[in-house]
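Commentary on secondary and tertiary structure
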Amino acid sequence: MRKLKIISLVILILFYLIAGINHFRNPASYIKIIPSYLRSPHVLNYLAGLCEIGFAILLIFRKTRAVAAWGIILMLIAFLPVHISMIGDSPLQLGSLQVTPLLAWIRLLLLQPLLILWAWWYTFDKPVR
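Residues numbered from 1 in each chain as written. Predicted model: local features only at pLDDT ≥ 70, side-chain atom pairs only at ≥ 80, totals over all residues. Heavy atoms only, no water.

In this section: the overall build of the protein. Counting its regular elements, the protein contains six helices and two strands. When its helices and strands are written in sequence order, the protein yields α-α-α-α-α-β-β-α. Relative to the compact-globule value of 14 Å for 129 residues, the protein shows a C-alpha radius of gyration of 15 Å, a close match. Taken along its principal axes, the extent of the C-alpha atoms in the protein is 45 × 30 × 25 Å. Contacts in the protein between residues far apart in sequence, at least 24 positions, make up 66% of those at least 6 positions apart. Here the protein displays about 8,000 Å² of accessible surface, and carbon together with sulfur accounts for 74% of that area. (Helix = DSSP H or I, 4+ residues; strand = E, 2+ residues; numbered from the N terminus. Rg over C-alpha atoms; globule rule 2.2 N^0.38 Å. Contact = heavy atoms within 4.5 Å. Areas by Shrake-Rupley, 256 points an atom, 1.4 Å probe, with all protein chains shown as cover.)

Turning next to the environment of His-42. Its place among the elements puts His-42 in helix α3 (residues 41–60). Relative accessible area serves as the criterion here: at 48%, His-42 is assigned to the partly exposed category. C-alpha of His-42 to C-alpha of Ile-31: the two residues are eleven residues apart in sequence and 6.4 Å apart in space. (Buried < 20%, exposed > 50% of the residue type's maximum accessible area, 1.4 Å probe, protein only.)

So, on to a nonpolar patch on the surface. A surface patch of nonpolar side chains, about 850 Å² in accessible area, is lined by Trp-70, Leu-102, Ile-106, Leu-110, Leu-114, Leu-117, Trp-120 and Phe-124. No other element matches the six residues that helix α6 (residues 101–120) contributes to the nonpolar patch. For Leu-110, the position within the fold is in helix α6. (Patch = residues over 30% accessible without salt bridge, like charges linked within 9 Å, V, L, I, M, F, W, Y side chains within 5 Å. Salt bridge = Lys/Arg side-chain N within 4 Å of Asp/Glu carboxyl O.)

As a packed pair, helix α5 (residues 80–89) and α6 sit with axes 7 Å apart at the nearest point and diverge in direction by 150°. Our classification of the angle between α5 and α6 gives roughly antiparallel. Contacts between α5 and α6 involve Leu-80, His-83, Ile-84, Met-86 and Ile-87 from the first element and Ala-104, Trp-105, Arg-107, Leu-108 and Gln-112 from the second. Residues of the contact of α5 with α6, tallied by class, amount to seven nonpolar, two polar and one charged. (Axes fitted to C-alpha atoms, helices over the stretch in contact; angles between N-to-C directions. Parallel < 35°, antiparallel > 145°, perpendicular 65-115°, else oblique. Nonpolar A, V, L, I, M, F, W, Y, C, P; charged D, E, K, R; others polar.)

Tyr-16, Leu-59 and Ile-72 are the most contacted members of the largest nonpolar core, which has 16 residues in total. Sorting the residues of this core by element identifies α1 (2–25), α3, α4 (62–78) and α6 as the ones contributing at least two each. When residues of this core are assigned to their parent elements, the largest contribution, six residues, is made by α4. Setting aside residues up to four positions removed in sequence, Ile-72 forms contacts with Tyr-16, Phe-55, Leu-59 and Ala-119. (Core = buried A, V, L, I, M, F, W, Y, C linked by side-chain atoms within 4.5 Å.)

For the structure shown, the criterion picks out five aromatic pairs. Measuring from centroid to centroid gives 6.3 Å for Phe-15 and Trp-118, while their planes differ by 40°, and the two rings are tilted. Highlighted residues: Phe-15 in helix α1 and Trp-118 in helix α6, separated in sequence by 103 residues. According to the relative accessible area criterion, Phe-15 is partly exposed, its value standing at 37%. Residue classification places Trp-118 among the partly exposed positions, given a relative accessible area of 23%. When the ring of Trp-120 is compared with that of Phe-124, the centres are 4.7 Å apart and the planes differ by 35°; the resulting orientation is tilted. Trp-120 sits in the partly exposed class, given a relative accessible area of 40%. (Phe/Tyr/Trp six-rings, centres within 6.5 Å; stacked < 30°, edge-to-face > 60°.)

Honestly, it's all geometry; don't read function into it.
Here's what the structure looks like:
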């Protein structure tokens, strides 16, 4: 189990690091899915990218891992309006991905809870060394 948790942690760190960087490399895809009632979509996009990069870095260190995991959980909860809006806005094209209504529902009901649980795994038990 320990080895699985270490491998999972490395994947989680890389996932958020790459996702965060992608907010700066491909901002149009993210800005496109920010609900219109939220102001300053460009700022929100860059802020999300910075948070993802920051949390990825904080996950590396044992002393900050739980704080980073809770930050990711709160961030994913804050992103729920985006995923709910995607259901109503679908079908839509995000880069090379065609988001259908079914895919939008899967993202909301399956992917988001799984990502929250994945981060939650690093909030409560013995630190990974």
